[in-house]
Amino acid sequence: AKKGNAEAEFKVGEMYETGFGVKEDKAEAVKWINKAAAQGHETAGFKLLYWDIEKNGITAANKAKYETLKKKAGDGNAQAQYYVGKMYGRGVGTKRNSAKALEWLNKAAFVGVLEAEREATMVRENQQRWALEQKRKEEKKRAQLKAQQEKERAAKQEEQRKLKAKKEAEAK
């Protein structure tokens, strides 16, 4: 990496990003990944774009690069497919969409992008978690509705009982 090998620079940057073999250091990761991207390392550029969009959203400054990323993904670039899938999976630069995330991540995983396999697993786990949360919310809502209906039924019965008692008292 110190000799200017773009792939080595990218890998060193990823090591700093994840803390693999070195102390985790985001600033150092950005420095090394920027070096790789400056030499035309495409995946480094994708990673920097992802970080930019994650931090700032889609802006005038990054919109063209984002569109290029999506085009490259559509053209079959596996790393671009991974980043587009990751963006859909995490709602970065776009609305979260698990189905689209898995579609892109599976394409990238199919041709050997290991990160895409891990990300797809995370998306599936999140889907299951969200579905379970939704089910719990619906069950809670149904229970609250049932309790409200029971309360109203009991109040109506009590009102009818009082009315009946009043009529009986008047009849005497």
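These remarks concern the structure in this document. (Residues numbered from 1 in each chain as written. Predicted model: local features only at pLDDT ≥ 70, side-chain atom pairs only at ≥ 80, totals over all residues. Heavy atoms only, no water.)

Brief notes about the overall build of the protein chain
Here's step 1: Along the protein chain, the regular secondary structure elements total 7 helices and 0 strands.
Here's step 2: The order of helices and strands in the protein chain, counted from the N terminus, is α-α-α-α-α-α-α.
Here's step 3: Since a compact globule built from 172 residues should have a radius of gyration of about 16 Å, the 28 Å found for the protein chain marks it as more spread out than a globular shape.
Here's step 4: For the C-alpha atoms alone, the extent of the protein chain along its principal axes is close to 110 × 35 × 35 Å.
Here's step 5: Contacts in the protein chain between residues at least 24 apart in sequence constitute 46% of all its contacts with a sequence separation of at least 6.
Here's step 6: For the protein chain, the exposed area adds up to about 11,700 Å²; of that, 52% sits on carbon and sulfur atoms.
Here's step 7: Side-chain charges of the protein chain comprise 39 positive and 26 negative groups, with the mean position of each set lying 4 Å from the other. (Helix = DSSP H or I, 4+ residues; strand = E, 2+ residues; numbered from the N terminus. Rg over C-alpha atoms; globule rule 2.2 N^0.38 Å. Contact = heavy atoms within 4.5 Å. Areas by Shrake-Rupley, 256 points an atom, 1.4 Å probe, with all protein chains shown as cover. Lys, Arg positive; Asp, Glu negative; His and termini not counted. Charge placed at Lys NZ, Arg CZ, Asp CG, Glu CD.)

A closer look at the environment of Q157
Here's step 1: Assignment of secondary structure puts Q157 in helix α7 (residues 114-171).
Here's step 2: It is 15 Å that separates the C-alpha atoms of Q157 and K167, two residues lying 10 residues apart in sequence.

Here we look at the packing of aromatic side chains
For any pair of aromatic rings, the description consists of the separation of the ring centres together with the inter-plane angle of the planes.
Here's step 1: The tally for this structure, following the rule as stated, stands at 3 aromatic pairs.
Here's step 2: Where Y50 meets Y83, the ring centres are 6.1 Å apart and the plane angle is 50°; that geometry is what we call tilted. Placement of Y50 in helix α3 (residues 42-56) and of Y83 in helix α5 (residues 78-90) is noted, with a sequence separation of 33 residues between them.
Here's step 3: The buried category is assigned to Y50, whose relative accessible area is 1%.
Here's step 4: Residue Y83 is classed as buried on the basis of its relative accessible area of 2%.
Here's step 5: Three or more aromatic residues joined by ring pairs form one cluster here, namely F46, Y50, Y82 and Y83.
Here's step 6: Directly above the ring of W51 sits K26, whose terminal nitrogen or CZ lies 3.7 Å from the centroid.
Here's step 7: In this arrangement the basic side chain of K86 is found over the ring face of Y50, its NZ or CZ atom lying 4.6 Å from the centre. (Phe/Tyr/Trp six-rings, centres within 6.5 Å; stacked < 30°, edge-to-face > 60°. Buried < 20%, exposed > 50% of the residue type's maximum accessible area, 1.4 Å probe, protein only. Lys NZ or Arg CZ within 6 Å of the ring centre and 35° of its normal.)

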